[in-house]
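# Tertiary structure, described
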Amino acid sequence: MSKTVELDIQGMTCAACVGRVERALKKAGGVEDASVNLATERATVTYDAAQTAVPALVQTVQDAGYGARTLHTELSVSGMTCAACVTRVERALRKVDGVLDATVNLATERASVDALSGVSAAQLRAAVRNAGYDVLDTGAGPSRVDVEREARERDVRELRRAVTVSAAFSVPLLLLAMLPMLWPALDMWLMDRVGARTLNVLMLALAAPVQFGPGRRFLRSGWAALRHRSPDMNSLVMLGTLAAFGYSVAVTALPGAFPAGSAHVYFEASGVVITLVLLGKYVEAVAKGRTSEAMKTLLALQPATATVLRDGAEVEVPVDDVLAGDLLRVRPGGKVPVDGEVVTGSSWVDESMLTGESVPVVKEVGAGVTGGTLNGTGTLTVRATRVGTDTALAQIIRLVERAQGSKPPIQGLADRVVAVFVPVVLVIAALTFLTWLLLGGPGALAQALVHAVAVLIIACPCAMGLATPTSVMVGTGRAAGLGVLFRSGAALEALGRVNVVALDKTGTLTLGHPDLTDLHVRSGFGRSEVLRLIAGAEHESEHPIARAIVGAAEREGLTLPGATDFRARPGLGLEATVDGRRVQIGADRYMLELGLGLDTTPFAAQAARLADGGRSPLYAAVDGQLAALVAVADPVKPGSAPAVAALHAQGVTVAMVTGDHEGTARAVARTLGIDTVHAGVLPGGKSDVVTALQTGGQRVAFVGDGINDAPALASADVGVAIGTGTDVAVETADVILMAGDLRGVPNAVALSRATLRNIRLGLFWAFAYNTVLIPVAAGVLSPVGVTLNPVLAAAAMGLSSVFVLGNALRLRGFRPPVTASAAQVPAVGRAVPA
């Protein structure tokens, strides 16, 4: 079957590009013709749909060195009840010409679609509706969130009303059917005074409003699914309850037409089953609402209004009306409306909801602030820099939503089983009915009906569809609260499986800039005076070591004098005149050149220890006399030591990959307990180290700053970017640590593993539940007196979904293995006062 599709091609610049793309497409299997237009940047491809598909054509274009423009669309789908519904919606979306992939999440009730740019949202909505489901018209931004929330609340209200109505009829129906069985005297009295036929008519009057009132939703959805040859949970409930109800109506109308022992009514089975299934769906809907509480918390961070300074006056405006460049007034205790830069004022700002760090951060003039964070006791004037969907909070919400809506690979097993599960159940139910009908003896018809209905009800695949997405939803939400952002469910799963974590050094393990760590002065010299003089000399230099010395003097409040006669000595050091005194700073070989080699001897052992510890020892001479030993190092971050220790406790091997020289790298590694060191590696070579670490089936996570380490992040099994509260869009990373603290790595690994355990337990329960109870429902254990009637089957089915949801909600109580308060600053890089 031939089809034609148009691809938007990116990257073509000339006729040679056109020829290259055309040749690549024509060589692809199944392609009958391909024509490329440079002016419109479009390729028209005719292909045999039986031999190839659109994703393969897109891959062909990419393999040729070009790109095909695609769009990502999110749809809010309503009416899904089980994993079979998910499969059905995905299949409908993937059949739309131009759709590359479609993923549907039952917990979030959202469909994520990647398609060619020519595919419209209207086509996708139509495909979902033709499959028997509905799509909410949500728009974008906050309105979308509000519409989805209102829809969920409306569903909960409708389910509550349906359960109430259904129970009002089903409870007396159950009592009327069961009490006579439990109390023989009552049974005799009713048969004598009322009569069996009148009782059956009364039960019919109670069961019919349930079957065709609240139960109408199962009839409507179940029939639509059968009509599309894609039976789901609704189909099973519909067939089971209609079979029990129809059989009972026939018995009531024509009792003499049934064999002896078979003329029983099962109105209570149909009515109570519908009630219990609705009750389970109601509890499930309430629990699903609780799984999204982390997202609700994120959405609640952004204030609704902002105080803007316009024409010298303060004006309260909706936060959506704030423009980049506006000056905002943030009062004590107020929330920062959007991302910006402090223009006036100073305060402490609580960023814990975004970064997971509980300690407030001081914000002064020039400091960046993030929308949604909480101001402390000072008043700030902030210039808005990023507003609307460009703010860090908006990006975080998009990332979390994308992760919650995606499927980890472990879900593939459930999807494959569910694809054939419901049809197999229908076959099992039919075989159960026939077997009991043929071998059941007296009352065989009634027994066949009861057992077939029990099989249909017990096998509803609700729990299978909820096990993975609810755990991913709660896990990624909890991670966001800890300052960890997973880009997808696949990243969440992959991080839990890593056994090697490779760490960049500069900016990841260390602060990324040198600091003065040691200053030891000879007798006869004052510490502050020496520091003031050498900082004055270094003030003219842009060298990182010079910046470290100047920074230390400024932090101590020293006034730096001006320097004259400044002269750099390449490979040795520098010299300058400061306050009329000659100051010379450099390595030991510089002191030898100055004739001060013997004076350095008392410091030799100390200098060797400093060098062995990863610090750079220097000497300072004042007026021709050795004055001090100075050491500079890139300080280790406070969280690095506990992070490495926590990774070891998790059974993970820790490696360091750095461009720094061997001695410094090994010194830091010894201090932190890192297992292996790869030093002197250029940024482009880090990906080669990651590839080498992956040999032997090792799963490697690389942790870097997300910019210089992009190749290594991309080549690792999981790329983890050490970010900041305003740098959340690191495209090459799978996981982003908002706080820039390495302690987030073991916390993320622990949460990933906890989520995987949670998913496995949920899937095990869902599969084991059906594997064990379907044979019981079919009557395999009837010879030993163990049976499962439809009412108990409905209760068990509802409880299985509630169990899976409750299991997922346990992740909300996850406690990270290492917290900020546990950090200790290691010896390397700690400033020593004297």
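These numbers come from a predicted model, not from an experiment.

### Focus: the pattern of salt bridges
Within the structure shown, the criterion is met by 24 salt bridges. A salt bridge links Glu41 to Arg69; the nearest nitrogen and oxygen atoms lie 3.1 Å apart. Of this pair, Glu41 sits in the loop between β2 (31–37) and β3 (42–48) while Arg69 sits in the loop between β4 (67–68) and β5 (70–78), placing them 28 residues apart in sequence. One network of salt bridges, with partners in common, ties together Glu529, Arg532, Asp579, Arg581 and Asp623.

### Side note on unusual backbone geometry
Despite not being glycine, Asp565 has its phi angle at roughly 55°, a positive value. Considering the arrangement of structural elements, one finds Asp565 in strand β21 (residues 563–569). In this structure, Asp623 takes a positive phi of about 55° despite not being glycine. On the accessibility criterion, Asp623 (41% relative accessible area) is partly exposed.

### Observations concerning helix α19 (residues 527–538)
Across its 12 residues, α19 extends 16 Å between first and last C-alpha, which sits within 8% of the 16 Å expected from 1.5 Å per residue. Judged by how many residues are buried, α19 sits mostly within the fold: nine of 12 residues are covered. Looking at α19, one finds that the buried residues are Val530, Leu531, Arg532, Leu533, Ile534, Ala535, Gly536, Ala537 and Glu538.

### A short note on the sheet that holds strand β24 (residues 616–622)
The strand order across the open sheet built from six strands is β20-β25-β24-β23-β22-β21, with neighbouring strands paired in antiparallel fashion. Two strands bound the open sheet, and with one partner strand each, they are β20 (515–521) and β21. Mean inter-strand twist for the sheet, computed between neighbouring axes without regard to direction, equals 20°. As paired elements, β24 and strand β25 (residues 625–633) share seven bridges and run antiparallel to each other.

### Some thoughts on a nonpolar patch on the surface
Taken together, the side chains of Leu434, Leu437, Leu438 and Leu439 present a nonpolar region at the surface, about 450 Å² in accessible area. Position of Leu437 among the secondary structure elements: in helix α14 (residues 411–439). A relative accessible area of 35% places Leu437 in the partly exposed class.

### Regarding the pairing of β25
For β25, the tally of buried residues reaches eight of nine residues, placing the bulk of the element in the interior. Direction of pairing for β20 relative to β25: antiparallel, over a ladder of six bridges. Bridge pairing links Asp515 to Ala633 in β25. Remark: two residues form the turn of the hairpin made by β24 and β25, two consecutive strands paired antiparallel; Asp623 in that turn has positive phi of roughly 55°.

### Some thoughts on the side chain of Glu538
The residue Glu538 is located in helix α19 in this model. No salt bridge is formed by the buried Glu538; the nearest opposite charge belongs to Arg547, separated by 7.2 Å. Setting aside its immediate chain neighbours within four residues, Glu538 contacts Ala546, Arg547, Ile549, Val550, Leu574 and Ile585.

### Points about the sheet that holds strand β15 (residues 368–369)
Note on sheets: strands pair through backbone hydrogen bonds, and any given pair is parallel or antiparallel. Here we have six strands laid out as an open sheet, ordered β10-β9-β11-β17-β12-β15, and antiparallel in their pairing. This sheet does not close on itself; its edge strands, each paired only once, are β10 (313–318) and β15. Pairing of strand β12 (residues 339–344) with strand β17 (residues 380–386), which is carried by five bridges, proceeds in the antiparallel orientation. Across the sheet, the residue bridging to Thr344 is Thr381, located in β17.

### Here's the deal with empty space enclosed by the protein
A full pass over the atoms with the stated rule returns five cavities of 30 Å³ or more. Estimated volume of the second largest cavity: approximately 80 Å³. Where the lining of the second largest cavity is concerned, the elements lending two or more residues are β5 and α5 (142–182). In terms of residues, the lining of the second largest cavity owes the most to one element, α5, which gives four residues. Class assignment of the residues belonging to the lining of the second largest cavity gives a composition of three nonpolar, three polar and five charged.

### Looking at the packing of aromatic side chains
Given two aromatic rings, one states the distance between the centres and the angle between the planes to describe the pair. Inspection of the entire model under this criterion finds three aromatic pairs. Seen from their ring centres, Phe245 and Phe267 are 5.7 Å apart, and the 70° between their planes marks the pair as edge-to-face. Linking Phe245 in helix α9 (residues 233–253) with Phe267 in helix α10 (residues 267–291), this pair joins segments that are 22 residues apart in sequence. Of the two residues, Phe245 and Phe267, neither departs from the other in class, the shared state being buried.

### Comments concerning the nonpolar core
Within soluble globular proteins, side chains that are nonpolar generally end up buried alongside one another. One finds Met80, Leu93, Ile458, Phe486, Leu495, Val501 and Val735 to be the most contacted residues of the largest nonpolar core, which totals 132 residues. Among the elements that take part in this core, helix α27 (residues 744–778) stands out by supplying 15 residues, more than any other. Met80 has contacts with Cys85, Val86, Val89, Val104, Asn105, Leu106, Glu109 and Tyr133, leaving out every residue within four places of it along the chain.

### What to know about the UniProt feature "transmembrane region" (unreviewed entry) in the protein
The UniProt record annotates "transmembrane region" (unreviewed entry) at residues 162–183, 195–215, 236–258, 264–283, 417–439, 445–468, 761–781 and 787–806. Taken end to end, residues 264–283 comprises 85% helix and 0% strand; its first and last C-alpha atoms sit 32 Å apart. Annotated as residues 787–806, this span is 85% helix and 0% strand, and its ends, taken at the C-alpha atoms, are 27 Å apart.

About the criteria used
- Residues numbered from 1 in each chain as written.
- Predicted model: local features only at pLDDT ≥ 70, side-chain atom pairs only at ≥ 80, totals over all residues.
- Heavy atoms only, no water.
- Salt bridge = Lys/Arg side-chain N within 4 Å of Asp/Glu carboxyl O.
- Helix = DSSP H or I, 4+ residues; strand = E, 2+ residues; numbered from the N terminus.
- Buried < 20%, exposed > 50% of the residue type's maximum accessible area, 1.4 Å probe, protein only.
- Expected span 1.5 Å × (residues − 1).
- Pairing = 2+ DSSP bridges.
- Axes fitted to C-alpha atoms, helices over the stretch in contact; angles between N-to-C directions.
- Patch = residues over 30% accessible without salt bridge, like charges linked within 9 Å, V, L, I, M, F, W, Y side chains within 5 Å.
- Areas by Shrake-Rupley, 256 points an atom, 1.4 Å probe, with all protein chains shown as cover.
- Lys, Arg positive; Asp, Glu negative; His and termini not counted.
- Contact = heavy atoms within 4.5 Å.
- 1 Å grid on protein atoms, 1.4 Å probe; cavity = no way out; pocket = protein on both sides within 12 Å on 5 of 7 lines; lining within 4 Å.
- Points joined across faces, edges and corners; volume = space filled by probe spheres on them.
- Nonpolar A, V, L, I, M, F, W, Y, C, P; charged D, E, K, R; others polar.
- Phe/Tyr/Trp six-rings, centres within 6.5 Å; stacked < 30°, edge-to-face > 60°.
- Core = buried A, V, L, I, M, F, W, Y, C linked by side-chain atoms within 4.5 Å.
- UniProt positions renumbered as here; feature names shortened; annotations may be inferred.

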